[in-house]
Every structure is written in C-alpha cells, then in structure tokens.
Amino acid sequence: MARFVYVNGQYRRYHEAGVHVEDRGFQFGDAVYEVIEVAGGGLVDAERHLARLERSLNELQIEAPMSRQALLLVIAETVRRNRVREGLVYMQVSRGAAKRDFLFSGKSLEPTLVCLARPLSRASREASADKGISVISLPDIRWGRCDIKTVMLLPAALAKEEALKAGASEAWLVDRDGFVTEGASSNAWIVNAQGELQTRSLSNDLLPGVTRRTLFDVAQSLGFQVKEAAFTIADAKNAREAFNTSASGTVMPVVKIDGKNVSDGLPGTISRKLREVFHEHAALYPLGYGFHRPK
Ligand code: PDD
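To keep things clear, this report deals only with the structure shown in the data block.

All right, on to the site of the ligand then. The full set close to the ligand counts 20 residues, and Y33, E182, V210, T211 and A247 are the nearest of them. Note that a nitrogen atom of the ligand is positioned 2.6 Å from one of the side-chain N or O atoms of E182. The separation between an oxygen atom of the ligand and a polar side-chain atom of T211 is 2.6 Å. Summarising the interface, the protein chains cover 90% of the accessible area of the ligand, which totals 470 Å² for the free molecule. When residues of the shell around the ligand are traced back to their parent elements, those giving at least two are β3 (31–39), α2 (46–59), β9 (180–183), α6 (210–222) and β13 (241–246). Looking at the shell around the ligand, its residues break down into 6 nonpolar, 10 polar and 4 charged. Both of domain 1 (4–120) and domain 2 (125–281) provide at least three residues apiece to the shell around the ligand.

Below you can see the structure in the form of structure tokens.
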C-alpha cells in the first residue's frame, strides 16, 4: 500500500490525499500519465519516460507542472518516503481543476500533479514470466491518438476484464484491417519465421512504449534483427514466439493466444533471454539509497 502520495506540492498520507472534484482528469479524462519501474536502486529508463510525458503534455497543450529535473526529485522523494525498492511509480498530470466546461483555452489552469509509488514483488513478476501469459484478441475501439499516454483507459479496462473472464491476463487489440495494434497496456511482439523480432511500427494507433524502445537496443546488442511491421492474430498464433513489453512487465512471454498455444505453449528462449538481460541495457536513474542492481 502506498503510504504517501505527492499531490500538488505536498506529500500527503495515502488516505488523506485527494484532488478537486472538478479536476478535468476526473471529468474529461483530460490528463496524461507515466508508469516507471523502480529496480536495482534506481528508476528504469526515467529520461525516456519523462521525455514521453513531455511529449504527451505538448500534444494536448497541457502546461508542464515543473521541469524534468524537478519531476525527478519529486519521484525520487516519493519512492524514498514509500520505501519502494522494487515496484512502480505512477505519475499523472491533468490540465487542472475548473468549473465544468469543455473549453479550456484562455483559462488560467494550474496542472494537477500526482505521484505515487508502490512495491511490486520481483518474485511474483518472475513467476508469471516463468509460466508465460495468455492473451485474447479484441477489436481496438480506442480513439485516434493512442500515441498519447492519456488516462482515457476505459477501453483498456474493459478489454482486460474480458481477458480475465477468458482466463487470460492481457488483450491484444486488433484494428479494422485485422492487424494487432498493441496490448491493452503493453506493446505486442512476435518472433517471426525468419527469427526476427517483429512489432508494429509507430503511428497514432499505438503507444511508443519505452520498454519497446529499449528492447531495440537490447536486440541490437544480442544480434537480433527487429522488423517494424504489423502482424495479424493468425501470424502471432503461428509465430515461433510471442511476448509483450511494458514498464510493469518488462518482457513478458505470451504462450497462448485466444486459447491456442504459441509454439509448444512454453515461454520461448528468445523472449526469456531478452527478459534476462533487459535491465543491463536500460538506463538507470540512481536513487542513491545504497542498494544494488539485481543480478
Ligand atoms: N502501460 N501500450 C499501452 C496501451 C500501454 O498502456 C503501455 C504501458 C505500453 C507499454 O509502454 P511502456 O513500455 O512505456 O510501459 C504500451 C503501463 C505500464 C500501464 O498503463 O500500467
């Protein structure tokens, strides 16, 4: 349980923290967010996450609440106060609070910044990765700017509920032409028949995942080719391997799609290797607490 939450300049007790009832994030989904992994004594790929946050804010013309360096200090302090050594930071910036009105231009809105950090055991994540996860496919019913990390997550929440009902833990979303855009909260990958790592190229249809980006570096250093091209659910079912990437799951092997085993139904060797070495390639923003990078 997160014990302290940063809200607009103050570290509040979890149960006492709150934002205004007319916050635009609450009324209009007018907010963006980031999730950053805490591991090995630092923040994993913090700069890339904060660069994406700045981009999201820019695209929506939301004022940045503070500089990148100041944000890093807030995150570090939130992690420290919650004594998180392995876990996740969640940061959200909304356009601010105002009397309910669709229009926002010309109003002097102060952005709302919330930052919380909570532990997430490495052991439980490793256990999922050892078994691999099941996914189901669903139509992608989201809006036209999925490249912006907004809190408008209702389609993703509904998709994950559907997945749960089907005994799966993620949904791969499929566009009108039958191609996978991404997972409800992850980027989707396959290892194709040529042994290439294949993932859809970036566009307005999917989030430019930070883990996805870092995996390009990992792939290069291991000598794997990355092919940026869309694939169908049929391609994925017949692929050598499949996996997801996200800050919370790193590289997560996918062993079943719509009830059908991918390959032999076990996490693939390439996916496992990528997962194993991922943190050696990701940048670490040190939190300076004297604990060490996990092996
Ligand atoms: N989800 N695609 C979507 C739709 C996502 O929500 C996420 C992240 C990703 C992967 O991005 P990254 O590698 O930068 O985490 C792709 C986060 C973890 C979440 O909502 O919890």
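Let's pick the thread back up.
Let's shift gears to the nonpolar core. With 26 residues, the main nonpolar core has L43, L53, I75, V79, V89 and M91 as its most contacted residues. The set of elements that each furnish at least two residues to this core consists of β3, α2, α3 (68–81), β5 (87–94) and β6 (112–119). Sorting elements by how many residues they give to this core places α3 first, with 6 residues. I133, A188, I190 and V262 belong to the second-largest nonpolar core, a separate cluster that totals 17 residues.

With that settled, the discussion passes to the packing of aromatic side chains. Inspection of the entire model under this criterion finds 6 aromatic pairs. Their ring planes at 65° and their centres at 5.2 Å tell us that Y6 and Y11 sit as a pair that is edge-to-face. We classify Y6 as buried; its relative accessible area is 7%. According to the relative accessible area criterion, Y11 is partly exposed, its value standing at 24%. Joined through ring pairs, the aromatic side chains of W189, F216 and F243 make up one cluster. Here the basic side chain of R81 rests over the ring of Y11, its NZ or CZ set 4.2 Å away from the ring centre.

Let us now look at the packing of α2 against α3. Packing of α2 against α3 brings their axes to within 11 Å, and their N-to-C directions diverge by 120°. One element, α2, and the other, α3, form an angle in the oblique class. Where α2 crosses over α3, the handedness of that crossing is right-handed. Together, A46, E47, L50, A51, L53 and E54 of α2 and R68, L71, L72 and I75 of α3 make up the contact between the two elements. Each residue belonging to the contact of α2 with α3 can be placed in one class, and the counts come to 7 nonpolar, no polar and 3 charged.

Parameters at a glance
- Residues numbered from 1 in each chain as written.
- Predicted model: local features only at pLDDT ≥ 70, side-chain atom pairs only at ≥ 80, totals over all residues.
- Heavy atoms only, no water.
- Near = heavy atom within 4 Å.
- Polar contact = N/O pair within 3.5 Å; in protein donor to acceptor, adjacent residues only side chain to side chain.
- Areas by Shrake-Rupley, 256 points an atom, 1.4 Å probe, with all protein chains shown as cover.
- Helix = DSSP H or I, 4+ residues; strand = E, 2+ residues; numbered from the N terminus.
- Nonpolar A, V, L, I, M, F, W, Y, C, P; charged D, E, K, R; others polar.
- Domains from an automatic or database assignment.
- Core = buried A, V, L, I, M, F, W, Y, C linked by side-chain atoms within 4.5 Å.
- Buried < 20%, exposed > 50% of the residue type's maximum accessible area, 1.4 Å probe, protein only.
- Phe/Tyr/Trp six-rings, centres within 6.5 Å; stacked < 30°, edge-to-face > 60°.
- Lys NZ or Arg CZ within 6 Å of the ring centre and 35° of its normal.
- Axes fitted to C-alpha atoms, helices over the stretch in contact; angles between N-to-C directions.
- Parallel < 35°, antiparallel > 145°, perpendicular 65-115°, else oblique.
- Left-handed = near helix turned anticlockwise from the far one by under 90°.
- Contact = heavy atoms within 4.5 Å.

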